[in-house]
Amino acid sequence: MGKGEPSEMPKRNCVTVDGNEACASVAHRTNEVIAIYPITPSSAMGELSDEWSAKGQRNIWGAVPEVVEMQSEGGAAGAVHGSLQAGALTTTFTASQGLLLMIPNMYKIAGEQTAFCMHVAARTVATHALSIFGDHSDVMACRQTGFGMLSSGSVQEAHDFACIAQAATLRSRIPFLHFFDGFRTSHEVAKIEALNDDDLRALIDDTCVAAHHARGLSPDHPVLRGTAQNPDVFFQAREAGNGLYLDAPGIVQAEMDRFAERVGRQYRLFDYVGHPDAERVLVLMGSGAETAHETVLHLVSMGERVGVLKVRLFRPFSTQALIAAMPRTVRGLVVLDRTKEPGAVGEPLYLDILTALREAEGAGELPFEMPRVIGGRYGLSSKEFDPGMVKAVLDELGTDRRKNHFTIGIIDDVTHTSLDWDRDYEIPTPGRFEALFYGLGADGTVGANKNSIKIIGEETDNYAQGYFVYDSKKSGAITISHLRFGTDPIRNASLIKRANFVACHQFGFLERLDVLELASPGATFLLNAPHPPEQVWSHLPREVQETIIEKGLRLFAIDGYTVAREAGMGGRINSIMQTCFFAISGVLPREEAITQIKKAIEKSYGKKGAEVVKRNFAAVDAALAYLHEIEVPADVTATKMRQPIVADEAPDFVKRVTALMLAGKGELLPVSAFPIDGTWPTGTAKWEKRNIALEIPIWDPAICIQCNKCALVCPHAAIRAKVYEPGALEGAPVAFLSDDFRSKELEGHKYTIQVAPEDCTGCQLCVNVCPAKDKARPKHKAIDMHPQPPIRDRERENYAFFLDLPELDRRSVKSDVKGSQFLEPLFEYSGACAGCGETPYVKLLTQLFGDRALIANATGCSSIYGGNLPTTPFTKNSDGRGPAWSNSLFEDNAEFGMGFRLAVDSHVSAARAALQTMNGSLGDIIISEILEADQSDEAGIYNQRERILALKQKLAQNPPAAKRLEALADYLVRKTVWIVGGDGWAYDIGFGGLDHVLASHRDVNVLVLDTEVYSNTGGQQSKATPLGAVAKFAMAGKEIPKKDLGMMAMGYGHVYVAQIAFGAKDAQTVRAFVEAESYNGPSLIIAYSHCIAHGYDMAFGLDQQKLAVQSAKWPLFRFDPRRVRDGKPPLILDSSAPKVPVKDYMRNEARFRMSEKLDPERYKKLLRWAQRSTEERFAVYEQLSRVVVPQTGAIPASTPAPADPEGN
Amino acid sequence: MDLSTTYLGFQLPHPFMPGASPLIEDIDNVKRLEDAGASAIVMHSLFEEQIRREQIGAFVHSESHDQSFAEALTFLPAPDRDILGPEIYLNHLARIKQTVRVPVIASLNGSTPGGWLEYAKLMQEAGADALELNVYSIASDPAVDGAAVEARTLEMVRTVKAAVTIPVAVKLSPFYTSLAHFSAKLDQAGADALILFNRFYQPDIEPKKLELSRVLNLSHPSELPLRLRWLAILSSRVKSLAVTGGVHSGEDAIKAVMAGADAVQVVSALLQRGVRTLQTLRDEMVRWLEEHEYESLEQARGSMNLAACPDPGAYERANYMLILQSWEDPATRS
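Residues numbered from 1 in each chain as written. Chains lettered and ligands numbered in written order. Predicted model: local features only at pLDDT ≥ 70, side-chain atom pairs only at ≥ 80, totals over all residues. Heavy atoms only, no water.

Participant: I'd love a proper account of the state of the cysteines, names of residues and values included.
Facilitator: Residue and element names in this part refer to chain A. Counted under the stated rule, the structure contains zero disulfides over all chains. Free of any disulfide, Cys142 has its nearest neighbouring cysteine sulfur in Cys117, separated by 13 Å. The closest cysteine sulfur to the non-disulfide-bonded Cys763 is located on Cys766, 6.2 Å from its own sulfur. (Disulfide = S-S within 2.5 Å.)

Participant: Please give an account of the pattern of salt bridges that cites residues and values.
Facilitator: Opposite charge on two side chains permits pairing when their charged atoms draw close. Taken as a whole and judged by the stated rule, the model has 96 salt bridges over all chains. Notably, a salt bridge pairs Glu629(A) with Arg554(A), separated by 2.8 Å at the nearest N-O pair. On the criterion of sequence distance, the pair formed by Glu629(A) in strand E24 (residues 628-630) and Arg554(A) in strand E23 (residues 554-558) is long-range, its members being 75 residues apart. Connected through shared salt-bridge partners, Glu611(A), Lys614(A), Arg615(A), Glu48(B) and Arg52(B) make up one network. (Salt bridge = Lys/Arg side-chain N within 4 Å of Asp/Glu carboxyl O. Helix = DSSP H or I, 4+ residues; strand = E, 2+ residues; numbered from the N terminus.)

Participant: An account of the interface of chain A and chain B is requested, with residue identities and associated values reported.
Facilitator: A common measure of how large an interface is: the accessible area buried when the components associate. The interface is formed by 62 residues belonging to chain A together with 37 residues belonging to chain B. At the boundary of chain A with chain B, total buried surface from both sides reaches about 4500 Å², with 59% on carbon and sulfur atoms. Where chain A packs against chain B, one counts five salt bridges. Across the pair Arg1153(A) and Glu54(B) runs a salt bridge, and its minimum N-O distance is 2.8 Å. Where chain A meets chain B, there are 14 residue pairs in polar contact (both at pLDDT 80 or more). Contributions of two or more residues to the side of chain A that touches chain B are made by helix H15 (445-459), helix H22 (610-626), helix H41 (1150-1158) and helix H42 (1160-1184) of chain A. No other element matches the seven residues that H41(A) contributes to the side of chain A that touches chain B. Split into classes, the residues belonging to the side of chain A that touches chain B amount to 23 nonpolar, 16 polar and 23 charged. (Contact = heavy atoms within 4.5 Å. Buried area = accessible area lost by both parts, 1.4 Å probe. Polar contact = N/O pair within 3.5 Å; in protein donor to acceptor, adjacent residues only side chain to side chain. Nonpolar A, V, L, I, M, F, W, Y, C, P; charged D, E, K, R; others polar.)

Participant: Help me get a handle on the sheet that holds strand E30 (residues 853-857) of chain A, residues and values and all.
Facilitator: Residues and elements named next belong to chain A. Across the sheet, which stays open at both edges, the eight strands sit in the order E31-E30-E32-E33-E35-E34-E36-E37 with mixed pairing between neighbours. Each edge of the sheet is formed by a strand with only one pairing partner; in this case those strands are strand E31 (884-886) and strand E37 (1131-1133). Ignoring strand direction, the axes of neighbouring strands in this sheet form an average angle of 15 degrees. Bridge count between strand E34 (residues 1056-1060) and strand E36 (residues 1117-1119): three bridges; the pairing is antiparallel. (Pairing = 2+ DSSP bridges. Axes fitted to C-alpha atoms, helices over the stretch in contact; angles between N-to-C directions.)

Participant: So, helix H23 (residues 652-662) of chain A: which residues are in play, and what are the values?
Facilitator: Each turn of an α-helix holds 3.6 residues, which means side chains three or four residues apart point in the same direction. Restricting attention to buried positions, one finds in H23(A) the residues Phe653(A), Val654(A), Val657(A), Thr658(A), Ala659(A) and Leu662(A). Immediately beyond the C-terminal end of H23(A), within one or two residues, lies Gly664(A), with a positive phi of roughly 75 degrees. (Buried < 20%, exposed > 50% of the residue type's maximum accessible area, 1.4 Å probe, protein only.)

What is shown is where atoms sit, not what they do.
Have a look at this one:
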């Protein structure tokens, strides 16, 4: 790469952006149509394009690109293909599974030699597990499509190559897949030099653009494409385009040269860095090459003859360019692939390099002796790849062993593929400042650090880099920010190992995490401590004191929450901590830093309102007065130690594996620690005590009316009800509360409501739903919030006792709101957002049916809080039964769940058949009792389980002929199959499959957790998004009413359909679940789920649910085909005609308010339409609820034939 | 019949205008109001407090989810400009100003000295011909005495007057210890008119739910006498007066003018019977004046105020007195 730029060139703007923005900025300006679909980590490219187009930003030809969101990546690829065929410059952005869905069209686009450049934030393809992080498994699955593949390794390159690839595709007519490493590059914030519009105009050739336009299909010069060809010609025609592939590498290099001429940065198809006479060379692509670049330069300075070859153009592969780029002195090559191809001879880049060299050698075109080549894998799913690993793989080349097909970055103690590396190895980077910040998602640490990077990047001559590590929780998430600044370019794309500055923005972290582990000796430690300066030291855990003294750290403390509170900023301490960082780090002069922070505040929050800016300014001004350097005593004084990660009584696996992951040290786990097939135990969330609630609910039995509503609405199963015999209270902790249970059936029993103090997130839904108030002082309810720390120990003990109380016999529990909450939740303490509107439904499902449920879960929020490691919230009861859960994909969940049903039905049939053949050999077991058992309620299920237990005991004594039946016998107890997912799945990407499954007669239950938006990927509109709501890709407010999924399903006639909202009518919710499950055919429940993407305080989620129902925006209904047989209308409306105008519902949520504020006049029209369409829909429902389906006798009843032989 | 009047320095053909209300939110309604003959358009209040709360609420509640989860760094789109500020109000004001020919009076309900100043200026810049300052707040803090409440209000009025060049009316509640004294102070502080009186949401109790609800009942003519009394007492002691609350008929309006009102603001009657009621009230007034052989409305203005009415003591007495009790001490007779 060239250094600097010729002096005559105009100075370009330096901007501090992430890789997604850097890439999208070029893509948006050089295209006419952009078809998108959200998928991490590429979503931001689509969002930015949409935002820019919505704001009228133009491409370099003066037009605003058309941005359209499709229903899936498959859809986006189809739209792209069509747009290209019709002659528009078109692009798209995607990753991982999304890219796989595009492959069929990619073959077509390439086969038709179409100029097209797509941009991919390369991400792991799901195998044994899903991962949102970065590797090349997705792009490597496309190397056979005929696309050119260009790899960039840094934010600057993502920007530059977006331009080069676009120019090259237009000239070569080979479509290009431009990719960079997901997260590491897509989400890294760095200072780059931005290409201006003139640059783009100069580099994108207008004649090529015109040629592309001219190739577009038009009735004015009609041609035909997409023929079907036969054996006679297909092969020849397939070979006809070869010439373009032969020319393409030259074209790409020419575009790189033109780019260098104008911009000054010279790239080559293969870029070599290192010793000119290197003997050992590392070959790789992506961000790892940049880490290798920095490392190799250091090794060369230490006298080693090493180098790194960065692969830019992977397809079409140019052997000639490869050989030309290599030093003639090379003796050994190590090729690193960021992907895994199980069963292959080697990974793709390794195979290509080896083949290329061998071929050149064979042809006598290798100008040096054939080097030894070894290959290995690194960095799967964003696994760290650091200078120590670069050195290790180069060192391996120097050994006699030269292990091939190795792995680097893990410890493989099973098949022993891994190389060892020096974990402490570092390359000196004089003048570089490296800082680590530990924060909570909610405290704004990451946002502030992004601002700090911008300040340093744009206001000083320093280079700057920021990378942010998040955990997988949606509530109480820990963030770690890695910031580097320095006078030299920063290429190292690995996490910081030794920090000059460490900030801990949450005092509580000191109890759980080793935040000072990476502090270098003499570093500065900034701590947000809720204590007066003179008491800070004494509150530190012993290990922290020890480290501070040992490493000679300077300690600064600020009571950030007090400053924030006084400035009226709630829990937002970001600008306060940022001010302290600048004040003590000395990165900028203090006064200048404060001016710049204020400028940044103005920029980030100016559009959020003058008041926000004002309060942030006040916080900045107040911060320094509260910042104190704490004198570090010579000796450790604390006796309090850091808390153990998990309790001692945790199972072995949890202690051995889960605990390490919880401690942020999952890296240390060797291969042998893991199951080979992605199977994990359930019930591990209970071992992770997060203590994220500042306040928790406490029960007052004197006021409680024992309705159990608090337990029903709790998103985290952190407040529970139990009824038990008084004798069970023996040995209860002194503070344990209980009351007489007020019920005729269970007279003399005791009743307790108990909070799980360390699992509660403090969302307050329970308090808000509680109907019981103190008559003399109504502000006091049967549950009130109390500060957690003072009562944590007491309530922990109470909760432990509570859990040990016996569960109520399921046979004695009524299937209503109150009864359902005496059933043990088999979904608990998930990482969902505080106040989540989805999880109460999932929890209820597990309470009612969890002990016999198989759950297929579409990818989305529910699959993340349901199955993102380290811990698993689905759990088991004391019999060891609980939900069996799995996630396949986003797009196929209905089909996946139907597969569960097919398998279960098959097992049931086999078991029944086997049982029937056992006639006479089972002694006193009556086969017909088992075959004809009524399993329609808990008593029936219980009795059947007893029969099966007896059967299995009998079978165990029987000859081998009974083995098959013994294995299948449990299937004779009714199983329930649930298909769970969000609206993005059900309304959009998975609708085709859902529709197909509903059109079957199979006994499956579909639960749609409808947040009316793609929640997990950050609030993009779906077809469930209501009229008038802003969402990403619907910035001005959606103009089309929400799709009526319920009505579509009712159209079949044989599908049970319910629309529910637990915050509005919990009894109807419970009833719908019970009915849906009991219905022997497909059932669909559409569940209103309030969500943070709606933009208000989730504590009011239930109020909004009520308003949604009262305004008839969300009518409640149940459509039960069974009622047809009884001559009743199948549709029952469970909510009344609109009682409040929809605007009363809409005005409480930012998603609607924003739409109103953006364009009040337009909003008024949308509002009128929303009101009208709501009333119309309700009127239609009302009419339908009076319609009786005529029974002519000629047509069979719409209830399907029993699929389940029990005939429930 | 000449109904002309002068209010806030504007020569108006008659005193009827809509009071601050959501009626003007729809621009078509504004046109209808002008067609119905509104002598001025009074906008609904811009609540400084609400703007501030909405901004900070959005900041705290939505920002706290941002940048904390790898898959989603934000959850709502980011518009390019401040959409939670006063722009909508100001744009609407500008639009009304373009739509109508009559004076447009903007209305501001503020809570901090800085806020008043800032928003008042913006309203003038957006084209307001005059301002109404709505100073209603509940003095629930036992540490703040009546003098402090009054002093703060006077300070606000002075601040706004110093910041804008357009006339400023102050809309009051009846809850001041010595309204006459306070009104004089407001007049000295520069208030160009006083508007009597505010009507606001009141808390109500839902006894079964043990909850509070907020109610805003439409006004009733029974509320008028309180206003008549204070119009009469303040008439001729301050620069100008307007009545709001309780005017439902032409005769109600006549009474208000007789007590000293220069302008008559109507809301509830319009909400109940439509904006054409503005015309009806005017017709009723004309009819009444003609029937009773008045030459102009001016003749009636202030005819029943404290200074001019035949029984001024009636305005000041709190209780009903029998004729037998009607002796007045010559020493106290004014």
